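# Structural features, examined
Chain by chain, the residues:
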Amino acid sequence: MKPQYCSIFKSNCQGATSPAVFTEFICTKLKGSICQGVCDKTAIDIAGEMRASFPAFSGNRSGMEMHILRSLAQEENFDKFMEYIHTPEKHFRNFIKHNVENYLCTANTNILSIIKKNITQKHQCLVHATNTATADTKQSKGDVNMWLKVFSRQLTDELRFAENDIKGMNHQDITNFDFLQEAMEKSLGTVIEQVEENFASKSSISLNEFREGPDEILTKQLCECCWVQCPFCKAICTNTMKDHDGDHQVPFHRTNGINGWTHRGTDNLCIGFCTTSVASDKEFYPSHTCSKKDSCPYKRYREAGPSYECWSITPDNSQLPYWKWFVCRFQSDLEKYYNRKFHGRGEIPQAWRAFTKEQALRSLKLI
Ligand SMILES: [Zn+2]
Ligand SMILES: [Zn+2]
């Protein structure tokens with residue numbers, strides 16, 4: 001700020017602040033705020049554009065989950081599968097972030113035009129605030145303090161600017177508001193040029209330039225919902241409310257071995273689906289997830305403890321081929337990960353091995 005203060009000092013020595021020095025000082029103060037405002041609006045616009053043009057972000061969290069499952073199958077990266085199964089919220093956030101970063105790299109021209117549009121919008125809004133301040137002050141025969149008050153009030157929703165920002169200026173002698181208006185238009189033109197140069201010099205824009213990035217905006221819009229996972233298979237409740245009434249529910253459960261479940265007293269990973277198990281006469285031991293030591297019939301799974309009682313698992317035969325394909329494709333990875341095996345009572349049925357990746361992907365359409 002040294003040159004600005006120096007010019008104010010000089011003009012104060014001459015008796016008063018000239019309109020040009022006064023408006024130049026205001027605009028210097030506004031520059032950071034304009035850049036920030038442009039960034040904030042650009043983040044919102046990019047998030048909006050991605051919701052409109054990326055099918056993964058166009059619906060709700062469940063819609064995005066289908067796209068996540070698809071890209072997991074396409075990538076065939078076991079670690080990513082495990083992140084999705086055990087820490088789904090983290091995986092969804094990473095998925096959004098990764099896609100936004102990609103978009104920022106590839107849609108550079110589009111983003112620069114969004115920035116340009118937002119700079120123009122801020123400029124128009126500043127010109128409007130200047131015009132209103134001048135007109136109101138002239139009409140009410142007010143002074144320069146009134147001009148400042150009206151000017152900053154006009155910007156309330158657009159930019160951070162307060163009268164206090166220019167404290168210490170001796171500007172009381174400014175009485176000709178036509179001169180002030182003219183000087184302000186000139187100073188605004190200069191500062192907008194500087195803001196444009198600031199953005200034009202960037203070859204690309206990165207996530208850390210935003211106070212709240214498009215990825216965070218999308219995360220807020222898409223991930224503020226229930227994240228409770230089925231105690232058997234870790235499928236995520238599909239309710240769109242974070243703390244909802246009623247039971248947790250999901251249309252498709254998974255085979256329990258992918259969560260490391262084994263048959264009691266063996267290293268045999270379970271191949272059963274929750275929806276089939278709850279219709280059977282079998283029992284399970286919930287001891288590793290709650291303090292209850294005794295076994296519990298699957299049919300009365302709700303009695304097994306707090307994490308079971310709030311789930312509604314409908315007994316049916318819905319077994320998504322996707323998970324059968326997954327278990328076959330990553331059998332050895334799963335066995336290594338849990339240090340258990342798909343053998344004995346957990347022998348993978350031969351029919352499961354016939355599922356191709358294409359069939360697995362097609363089955364996602366049922367979700
Ligand atoms: Zn389940
Ligand atoms: Zn829920």
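Scroll up for the structure.
If you're wondering where the values come from, they're calculated on a predicted model, not measured in any experiment. (Residues numbered from 1 in each chain as written. Chains lettered and ligands numbered in written order. Predicted model: local features only at pLDDT ≥ 70, side-chain atom pairs only at ≥ 80, totals over all residues. Heavy atoms only, no water.)

### Some points on the packing of aromatic side chains
Scanning all chains against the criterion turns up 25 aromatic pairs. Taken together, a centroid distance of 6.1 Å and an interplanar angle of 65 degrees make the contact between F273 and W352 edge-to-face. Highlighted residues: F273 in the loop between α10 (214–223) and α11 (274–277) and W352 in the loop between α14 (331–338) and α15 (357–363), separated in sequence by 79 residues. A residue is classified by how much of its surface remains accessible, and W352, at 7% relative accessible area, is buried. Ring geometry for F326 against F330: centres 5.3 Å apart, planes inclined by 45 degrees, an arrangement best described as tilted. In this pair, the class of F326 matches that of F330, namely buried. Among the aromatic residues, ring-to-ring pairing joins F78, F81, Y322, W323, W325, F326, F330, Y337 and Y338 into one connected group. Seen from the ring of W227, R61 lies directly overhead, with NZ or CZ sitting 4.5 Å from the centre. Between the NZ or CZ atom of R264 and the centre of the ring of Y285, over which it lies, the distance is 3.8 Å. (Phe/Tyr/Trp six-rings, centres within 6.5 Å; stacked < 30°, edge-to-face > 60°. Helix = DSSP H or I, 4+ residues; strand = E, 2+ residues; numbered from the N terminus. Buried < 20%, exposed > 50% of the residue type's maximum accessible area, 1.4 Å probe, protein only. Lys NZ or Arg CZ within 6 Å of the ring centre and 35° of its normal.)

### Regarding the environment of W227
By secondary structure assignment, the location of W227 is in the loop between α10 and α11. Overall, the relative accessible area of 12% leaves W227 in the buried class. Apart from the residues lying within four places of it in its own chain, the contact partners of W227 are R61, P88, E89, F92 and I236. One polar contact links the side chain of W227 to the main-chain carbonyl oxygen of C223, over a distance of 2.9 Å. (Contact = heavy atoms within 4.5 Å. Polar contact = N/O pair within 3.5 Å; in protein donor to acceptor, adjacent residues only side chain to side chain.)

### Let's talk about the side chain of N99
One can find N99 in helix α6 (residues 88–106). On the basis of relative accessibility, which here comes to 16%, the residue N99 falls in the buried class. If near-sequence neighbours (up to four positions away) are discounted, N99 is found in contact with M50, F54 and F57.

### Section: the coordination of the zinc ion (ligand 2)
Protein coordination of the zinc ion (ligand 2) is provided by C226 (SG), C237 (SG), H244 (NE2) and H248 (ND1), with donor distances spanning 2.0 to 2.2 Å. In this structure, the zinc ion (ligand 2) is coordinated by four donor atoms arranged in tetrahedral fashion, with angles at the metal of 96 to 119 degrees. Written as a sequence motif, the donor residues of the zinc ion (ligand 2) are C-x10-C-x6-H-x3-H. Residue C226 is found in the loop between α10 and α11, and its partner H244 is found in the loop between α10 and α11; the two are separated by 18 residues along the sequence. Comparing C226 with H244 shows no difference in burial state: the two are buried. (Donors = N, O, S within 2.8 Å, 3.2 Å for Na, K, Ca; no water. Tetrahedral: all angles 85-135°; square planar, octahedral: opposite > 155°, others 65-115°.)

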